[in-house]
Amino acid sequence: MLIALGVTGGIGAYKAVEVARGLQKRGHEVVAVMTPSATRFVGAITFEAITKRRVITDQFEPGANADIEHIALASTIDLLVIAPATANLIGKLANGIADDFLSTLYLATRAPVLIAPAMNTQMFAHEAVRRNLETLEARGVRFVDPGEGYLACGWIGKGRLAEPDDIVAAAEAILRPAGPLRDRRVLVTAGPTYEDFDPVRYIGNRSSGRMGFAIAAEAARRGAEVTLVAGPTTIETPAVNEVVRVRGATEMHRAVLARADRMHVVVMAAAVADYAPAERASRKLHKDDDTMTLVLKKTPDILADLGKRRAASSEGPLLVGFAAETEDVVAHATAKRARKHADLMVANDVSRSDAGFEVEDNAVTIVGPSGVESLPLQSKARVASAILDRVEQLLVRGVRL
Ligand code: C5P
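How each quantity is defined
Residues numbered from 1 in each chain as written. Predicted model: local features only at pLDDT ≥ 70, side-chain atom pairs only at ≥ 80, totals over all residues. Heavy atoms only, no water. Near = heavy atom within 4 Å. Polar contact = N/O pair within 3.5 Å; in protein donor to acceptor, adjacent residues only side chain to side chain. Areas by Shrake-Rupley, 256 points an atom, 1.4 Å probe, with all protein chains shown as cover. Pairing = 2+ DSSP bridges. Helix = DSSP H or I, 4+ residues; strand = E, 2+ residues; numbered from the N terminus. Contact = heavy atoms within 4.5 Å. Axes fitted to C-alpha atoms, helices over the stretch in contact; angles between N-to-C directions. Patch = residues over 30% accessible without salt bridge, like charges linked within 9 Å, V, L, I, M, F, W, Y side chains within 5 Å. Salt bridge = Lys/Arg side-chain N within 4 Å of Asp/Glu carboxyl O.

S.K.: Could you clarify how one ought to interpret the site of the ligand in this entry?
M.R.: By nearness alone, 14 residues border the ligand, and Met268, Ala270, Leu303, Phe322 and Lys336 come closest of all. Within the contact set of the ligand, an oxygen atom lies 3.2 Å away from a side-chain nitrogen or oxygen of aspartate 274. A distance of 2.8 Å separates an oxygen atom of the ligand from a polar atom in the backbone of phenylalanine 322. Across the complex, the protein chains shield 90% of the 450 Å² of accessible surface that the ligand would expose by itself.

S.K.: Can you walk me through the sheet that holds strand β4 (residues 113-117) in this structure?
M.R.: Paired through their backbone hydrogen bonds, the strands of a sheet run either parallel or antiparallel. What the five strands build is an open sheet, ordered β2-β1-β3-β4-β5; its pairing is parallel. Of all strands in the sheet, those with a lone pairing partner are β2 (29-34) and β5 (142-143), marking the two edges. The pairing of β4 with β5 spans two bridges and is classified as parallel. Within β5, the residue paired with leucine 114 across the bridge is arginine 142. In this fold helix α4 (residues 87-95) packs onto β3 (79-85) and β4, with an angle of close to 140° to the strand it touches most, β3. Sitting on the sheet, helix α5 (residues 101-108) touches β1 (2-7), β2, β3 and β4, and the angle it makes with β3 is about 145°.

S.K.: Any chance you could explain a nonpolar patch on the surface here in plain terms?
M.R.: A contiguous nonpolar patch, built from Tyr275, Met292, Leu294 and Leu296 and spanning about 370 Å² of accessible area, is present on the exposed surface. One can find leucine 294 in the loop between β14 (275-277) and β15 (296-298).

Below, the structure is given as structure tokens:
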């Protein structure tokens, strides 16, 4: 989700860097909005490097289309977090004063707002500040209370910015109702595998990794601890807990099997090669003859291996497989689900040009314990969401936990 992180000019501004990182680790995109005084505590370049986005520091930046930018951002963010929030900013928000980008954004957005106040103890206790906080609270703004302790100004008392982890947790609690995937460990494979047969050539396939990446991102959004095992892809990996890069099917097999036991869910969205060259030449093969024969041997079937272990001991992670088919899609997927002992099999008709490989959309049929369900053509993000809805239903029913 997209979160605007407002940073105001308090000594705790440096802690907002950790808040930005924490939010990103949970799979969110962050756009930092700094008040002019915040930039005197921490450089905008720090937030730019972390968020990989332009940092908004001024309402009227030349060339930034400034007069509408706050409206554009206001309507796209899912949450506005302000940490630290000074007494000054809290006063402005409570009274509808919009004299900089952040206070204007507050008025313009309908996204939920989370504020982490930070100020001197006496200021925090002042009647004016208390009234402003109550006004905001009555308006539905949520707060992460400051901590007690030794303040930078030398006072001891309440006013220190809450810990970044607590601010991130509060943001998460607002964004994500605590669903069944929360804190579950999910492994997702994505992309193709490349099977080398000499130092410069390989056998690969057209998988882009988008579907698996969308599932990994959505699982992270739902609070799961996500490991992504990705074959060679060129698209940017989502922010998840662990990314393991692999090339061939055997390497992917090793990476998945080494981690599968501690997972609650394994989603095999990768297009793993079924066959790989039996031998890999140490030198580039030359075109001496008119024809050339490559001997292929079967690769280990990762999903089937996990399924076998589960079928034998009825333990192990909930398994989701993908079936890329060009004909009799549902029949093949149903048979594959039984053969590989998967809980869900997501059937993909890769003969369609508007869905499947290399495009943004997908139309899938999900084969599960309670039957067959066809979903309409939609974005891979929505398909990911639909698949994880089914996974969550199975987790709730206790199928594999
Ligand atoms: O049998 P088929 O390759 O069509 O099955 C596809 C499903 O099995 C996918 O989920 C894919 O990731 C997985 N698979 C695997 N190991 C292989 C081949 C496919 O885990 N060697």
